[in-house]
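Chain by chain, the residues run as shown.
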Amino acid sequence: MVDSVEQKIQNVRKWADKVTVIHTVTDLMKFAGLKISQRKFRKLKEQPRTLTNFFSHAQSILIILPTEYNAAIAAGKSLQSLEAELSTMNVTYVDFLNLPRTKQEFAFYETIFFSPSDKNRFGVPKEEFLRKVKKKKYDVALDLNCDFELASAYICKASNAAHRIGFFHQHAQTFYNIFFTASQRDKKLNQITYDWLTQSLKMF
């Protein structure tokens, strides 16, 4: 009986060690992906941009939907309040979830679906995927992930949009030139955050 308990304890320890190693490797890969991205984009000089009517006068926009399901639902609801503004633009969505609901909701807009195979081991989107995004020129690119997601931030920057919007985080300056601060970061309050964002965009 004692041997059985000891064996179980040893098995749990081995499992915990493996999990810790996996998490450490994953974190290192993410860190490497961030550094690769920062090094690449550091070479690109940022041009001064005016904020006057940058959204209301935009002719094309790239909207990068959240990678998390509940956040994507909340963002979709908030975007409905921009229906009038978006109706005058050429709209392209990037969807990380590839859900039937998403396909139906955005059926009238071009949607580029992003799958795990579209990024390399460092979490950076592959060039083959980026070519789909770069087929168009965008006046505005909007990353709707409240928390930092390397793939979506990278797509936003790589879009070469004149105005690239994202939520503020410690890496924001590498990828965006317009930042919004999400005062409500609790996932249960995603709707408040996105409603606030869409109303703020209407001011421009």
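Notes on the structure in this doc start here. Predicted model only: the values in this text are computed from it and were never measured.

Counting its regular elements, the chain contains eight helices and six strands. Along its sequence from the N terminus, the chain presents helices and strands in the succession α-β-α-α-β-α-β-α-β-α-β-α-β-α. Look at the contacts in the chain between residues 6 or more apart in sequence, and 63% of them connect residues 24 or more apart. About 12300 Å² of surface is accessible on the chain, with carbon and sulfur atoms providing 55% of the total.

Below, the discussion takes up the sheet that holds strand S1 (residues 60-64). Taken in spatial order, the six strands make up an open sheet running S3-S2-S1-S4-S5-S6, and their pairing is parallel. Strand pairing shows two members of the sheet lacking a second neighbour, strand S3 (110-113) and strand S6 (178-180), which therefore form its edges. Strand-to-strand twist in this sheet, taken as the mean axis angle between neighbours without regard to direction, amounts to 15 degrees. Pairing geometry for strand S5 (residues 163-167) and S6, over three bridges, is parallel.

Phi is positive for Asn53, which is not a glycine, with a value near 55 degrees. Position of Asn53 among the secondary structure elements: in the loop between helix H1 (2-42) and S1. The exposure class of Asn53 is partly exposed, given its relative accessible area of 32%. The phi dihedral of Asn160 is positive, around 65 degrees, even though this residue is not glycine. For Asn160, the location among the structural elements is in the loop between helix H6 (150-158) and S5.

It is worth spelling out the side chain of Ser200 at this point. In this structure, Ser200 sits in helix H8 (residues 190-201). What makes Ser200 buried here is its relative accessible area of 10%. Engagement of the side chain of Ser200 in a polar contact is seen with the backbone oxygen of Trp196, the distance being 2.8 Å.

Note that Asn145 resides in the loop between strand S4 (140-143) and H6. On the accessibility criterion, Asn145 (6% relative accessible area) is buried. Within the structure, Asn145 has its side chain in polar contact with the backbone nitrogen of Thr67 (distance 2.9 Å). A polar contact is formed between the side chain of Asn145 and the side chain of Asp143, at a distance of 3.1 Å. What Asn145 contacts, discounting residues up to four positions off in sequence, is Leu65, Pro66, Thr67, Ser152, Phe167 and Tyr194.

The rules behind these values
- Residues numbered from 1 in each chain as written.
- Predicted model: local features only at pLDDT ≥ 70, side-chain atom pairs only at ≥ 80, totals over all residues.
- Heavy atoms only, no water.
- Helix = DSSP H or I, 4+ residues; strand = E, 2+ residues; numbered from the N terminus.
- Contact = heavy atoms within 4.5 Å.
- Areas by Shrake-Rupley, 256 points an atom, 1.4 Å probe, with all protein chains shown as cover.
- Pairing = 2+ DSSP bridges.
- Axes fitted to C-alpha atoms, helices over the stretch in contact; angles between N-to-C directions.
- Buried < 20%, exposed > 50% of the residue type's maximum accessible area, 1.4 Å probe, protein only.
- Polar contact = N/O pair within 3.5 Å; in protein donor to acceptor, adjacent residues only side chain to side chain.

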